[in-house]
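Residue-level listing of the chains:
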Amino acid sequence: MSNISLFPAKYQELKNHLRKIQNLENAASILNWDQTTYMPNGGSYARGQQIATLKELAHEKLTDPTIGQLLEDLRSYEQSFPYDSTEASLIRVARRDYERAIRVPSKFMAKFCQHQAISYETWVKAKFLKDFSIVQPYLEKTLELSQELASFFPYKHIADPLIDLVDEGMTVSILRPLFSKLRQKLLPIVEAITDTPPIDDSCLHQYYSREQQLNFGYTVIKRIGFDFQRGRLDVTPHPFTSSFSIGDVRITTRIYENNFSEGLFSTIHEAGHALYEQGISMELEGTLLAGGISSGIHESQSRLWENIVARSRGFWECFYPQLQGTFLKQLSSTSVAKFYQAINRVAKSPIRTDADEVTYNLHIMIRFNLELAMLEGKLAVKDLPEAWNELYKKDLGLVPANNSEGVMQDVHWYGEMIGGMFQGYTLGNLIAAQIYQAAVKYNPEIPVGIEQGNFSLLHQWLKQNIHQHGRKYTANELIYHITGKPLSIEPFIDYIQDKYSNMYQTKVPISA
Ligand code: ZN
């Protein structure tokens, strides 16, 4: 029996331990942000070492038996608080992180990290030369290591532990039927849309100056609620969001001078991630609760702002006059209706990151199924390019011109691992639709607000219901809390059918 009077001191001790781990992790993130934005190339070897050292220290601290003992001692203290209190949540989530971390030997992690770095470099070369055979042996090794990582955990399906690392609570037995239902609904919708004459989106492919694009994006995200006192916007080849504290959340974007939508929607996407991180309650600052729940919930926040809000007609009723004023030469003869259609053009394309919101999930499900097949040992890495091309032919009616535009297009398998890499994107799209539906049900004024440039109705609702809680709830708990239902594909399908039936004048099958 533990002495009750010692509880507050032990809890404080646990908090201090965890805060140091957070400090190390955040310091590593800053080094990484700097490397990706402004560091001269010459620094890359040393920087890799510096980041590795900080990460190693953080891992050592997290797996320290002292933490295990504290967590054990604090069990009844945890139970004396309500489930969603900061105290109970901190102990609960720390226990989850700790138990996960101690299963994986540090030696294995170091070996895997080293392999990832070499595999990534080889992928860059192989992609440039359009030659999969160069990276194939490295990917074979990655598959082995991914299987080994899974083997440190108990599982029903070998992919479960890898999915659980980023989307806790999600399993193959939940995702496989969910995705297969989604695919069955989406295929006829995509067919119906792409059978109609393609929308002319040439208005987006004129010259738009980099500086004006950046300024416009800056104005838009400021208006939707991104706090520049607690964040910044920079330019990198691959956009990302990085958070070092609730008071310092940074995003990056990329700008193409002949493709207007790429830059703006990347900026809004990352701002959606950032609103989440900036919206976490200050009470959680410095604790491991100050972060996003899962890859699916994080992606739901970026997708909600990028697609449901910023690709809506109402949003452009608000912003189009200003956009047209900024780019008079390019847009003076384009109506808001035409512009709205152009930014929502649906097309079957070989590249995931170019995909519209209707076809996007088909790209993800192809990757998800291939990951499962490889992990199950049913698909050999050497047969992966052929399997990839077959699935693209089947679901998107096209075969990529080469492996760089096919199986080598995404960094995930080559720079990280096989398993758990892609489901978060589709989960994000589904969760975004389900959450938005609940938000509008709660406050039907939200869409009107968007049209009038009042984004705080939606932003405040998201902050209140999602952002402020940080990692207190699991994804499944949060979805159920907010919507009263478990995760489902219906709100997303309803959203797609509603939006695109209007756009394509009811040619979209209403009940596929
Ligand atoms: Zn994202």
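Refer to the structure presented above.
Please read these numbers as outputs of a predicted model, since none were measured by experiment.

With that out of the way, let us pick up the environment of Gly420. Of note, Gly420 is situated in the loop between helix H18 (412-415) and helix H19 (423-442). A sequence separation of 248 residues divides Gly420 from Val172, and the C-alpha atoms of the two residues are 10 Å apart. Look past the residues within four positions of Gly420 in its chain and what remains in contact with it is Leu162, Ile163, Val166 and Glu371.

Turning to the pattern of salt bridges, a few remarks are in order. By the definition in use, this model includes 25 salt bridges. Residues Arg100 and Asp164 are paired through a salt bridge, measuring 2.8 Å at the closest nitrogen-oxygen approach. Linking Arg100 in helix H5 (residues 86-103) with Asp164 in helix H8 (residues 160-166), this pair joins segments that are 64 residues apart in sequence. Arg100 gets classed as partly exposed once you look at its relative accessible area, which sits at 21%. Classification of Asp164 as partly exposed rests on a relative accessible area of 25%. The residue Asp248 makes a salt bridge to Arg250 at a minimum N-O spacing of 2.8 Å.

Of the pockets and cavities examined, the second largest pocket occupies roughly 510 Å³. Lining the second largest pocket are 22 residues, and of these Ile308, Ser312, Tyr436, Tyr495 and Asp498 lie nearest its centre. Of all the elements in the fold, those that place two or more residues in the lining of the second largest pocket are helix H12 (295-309), helix H13 (313-326), H19, helix H20 (446-451) and helix H23 (490-503). Residue contributions to the lining of the second largest pocket peak at seven residues, all from H23. For the lining of the second largest pocket, a count of residues per class yields eleven nonpolar, five polar and six charged.

Right, let's talk about the coordination of the zinc ion for a bit. Looking at the metal site, the zinc ion is ligated by His269 (NE2), His273 (NE2) and Glu299 (OE), spaced 2.1 to 2.4 Å from it. All donors to the zinc ion come from one chain, and their sequence spacing reads H-x3-H-x25-E. Here His269 pairs with His273, and both are found in helix H11 (residues 260-278), just four residues apart, close to one helical turn. The same class applies to His269 and to His273, which are both buried.

Moving on to the nonpolar core. Ranked by internal contacts, the top residues of the largest apolar core, which has 129 residues, are Phe315, Trp316, Phe339, Trp413 and Leu458. Considering each element in turn, this core owes the most residues, eleven residues, to helix H16 (residues 360-375). Not counting the four nearest positions on each side in its chain, Phe315 is found in contact with Val220, Ile224, Ile268, Val309, Ala310, Ile450 and Phe455. Listed in part, the 27 residues of the second largest apolar core include Tyr11, Leu24, Leu90 and Leu288.

Analysis parameters
Sequence order as written defines the numbering, with residues in each chain counted from 1. In keeping with the model being predicted, local features are shown solely for residues with a pLDDT of at least 70 and side-chain atom pairs are shown and tallied solely at 80 or more, while totals for entire chains, interfaces and linings include all residues. Side-chain metrics rest on all non-hydrogen atoms present in the structure, leaving aside hydrogens and water. Here a strand is any run of E in DSSP of at least two residues, a helix any run of H or I of at least four, and the numbering for each starts at the N terminus. Residues are treated as being in contact if the distance between any of their heavy atoms lies within 4.5 Å. When a carboxyl oxygen of Asp or Glu lies within 4 Å of a side-chain nitrogen of Lys or Arg, that pair is called a salt bridge. The classification of residues rests on relative accessible area computed with a 1.4 Å probe and restricted to protein chains. Under 20% of the type maximum is buried, over 50% is exposed, and intermediate values are partly exposed. Lining residues are those with an atom within 4 Å of a point, where the points come from a 1 Å grid over the protein atoms alone and group into cavities, where a 1.4 Å probe fits but cannot get out, or pockets, open sets with protein on both sides within 12 Å along at least five of seven lines. Grid points are joined across faces, edges and corners, and a volume is the space filled by probe spheres set on the points. Classification used: nonpolar for Ala, Val, Leu, Ile, Met, Phe, Trp, Tyr, Cys and Pro, charged for Asp, Glu, Lys and Arg, polar for all others including Gly. Atoms are scored as donors when they are N, O or S and lie within 2.8 Å of the metal, with 3.2 Å used for Na, K and Ca; no water is included, so coordination may look incomplete. Grouping buried Ala, Val, Leu, Ile, Met, Phe, Trp, Tyr and Cys residues that are joined through side-chain atoms within 4.5 Å yields what is termed a nonpolar core.

Geometric values such as these leave the question of function open.
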